[in-house]
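The residues making up each chain are set out below.
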Amino acid sequence: MLSDDELWSRVKQLEGETIYTIVQKKPNKVLRVTDSEVIIEGRTTRPSRRFIVRVYRYLCRNGEVTGRDWIKICGNEFCGKVGRITLAILVRAIPDQVESFTVLKGVYLELS
């Protein structure tokens, strides 16, 4: 498992890259990665460092993340909206740790 700083260092490397949502394969250009959030072109929701780290820790602890897990991770359903792009960020930031990502009844990410 990466430390929070190691994970964020990998996320920062995505600046200027285009990442694709897992389900709809929509392109999202990462304009900037600050110390606290990821700014994506055309999106009003911005995944925060805190949220990305929380999802990563949940993934490490449970071995997977599905669409049904958002309430467990952050306590409300709103985070599912930013959660999908967060999973896309993690797929690109930690490809060596993500074994598979498939579409089931929601987005599903599994650790290797």
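Scroll up to find the structure.
Residues numbered from 1 in each chain as written. Predicted model: local features only at pLDDT ≥ 70, side-chain atom pairs only at ≥ 80, totals over all residues. Heavy atoms only, no water.

Undergrad: Any chance you could explain the overall build of the protein here in plain terms?
TA: What the protein contains, in helices and strands, is four helices and six strands. Along its sequence from the N terminus, the protein presents helices and strands in the succession α-β-β-β-α-β-α-α-β-β. Residue burial in the protein is summarised as follows: out of 112 residues, 44% are buried. When the accessible surface of the protein is split by element, carbon and sulfur atoms take 46% of a total near 6300 Å². (Helix = DSSP H or I, 4+ residues; strand = E, 2+ residues; numbered from the N terminus. Buried < 20%, exposed > 50% of the residue type's maximum accessible area, 1.4 Å probe, protein only. Areas by Shrake-Rupley, 256 points an atom, 1.4 Å probe, with all protein chains shown as cover.)

Undergrad: Just to check I follow, could you spell out the environment of Thr66 for this structure?
TA: Among the secondary structure elements, Thr66 is positioned in strand 4 (residues 64–66). Judged by its relative accessible area of 6%, Thr66 falls in the buried class. Between the C-alpha atom of Thr66 and that of Gly83, which follows or precedes it by 17 residues, the distance is 9.9 Å.

Undergrad: When you look at the nonpolar core in this model, what are you seeing that I'm missing?
TA: In globular proteins that are soluble, nonpolar side chains generally tend to be buried together. Counting 32 residues, the largest nonpolar core has Leu7, Val11 and Val38 as its most contacted members. Counting residues per element, this core draws most heavily on helix 4 (residues 79–93), which supplies nine residues. In this structure Leu7 touches Leu2, Ile52, Val53, Tyr56, Leu90 and Ile94, once residues within four positions along its chain are discounted. (Core = buried A, V, L, I, M, F, W, Y, C linked by side-chain atoms within 4.5 Å. Contact = heavy atoms within 4.5 Å.)

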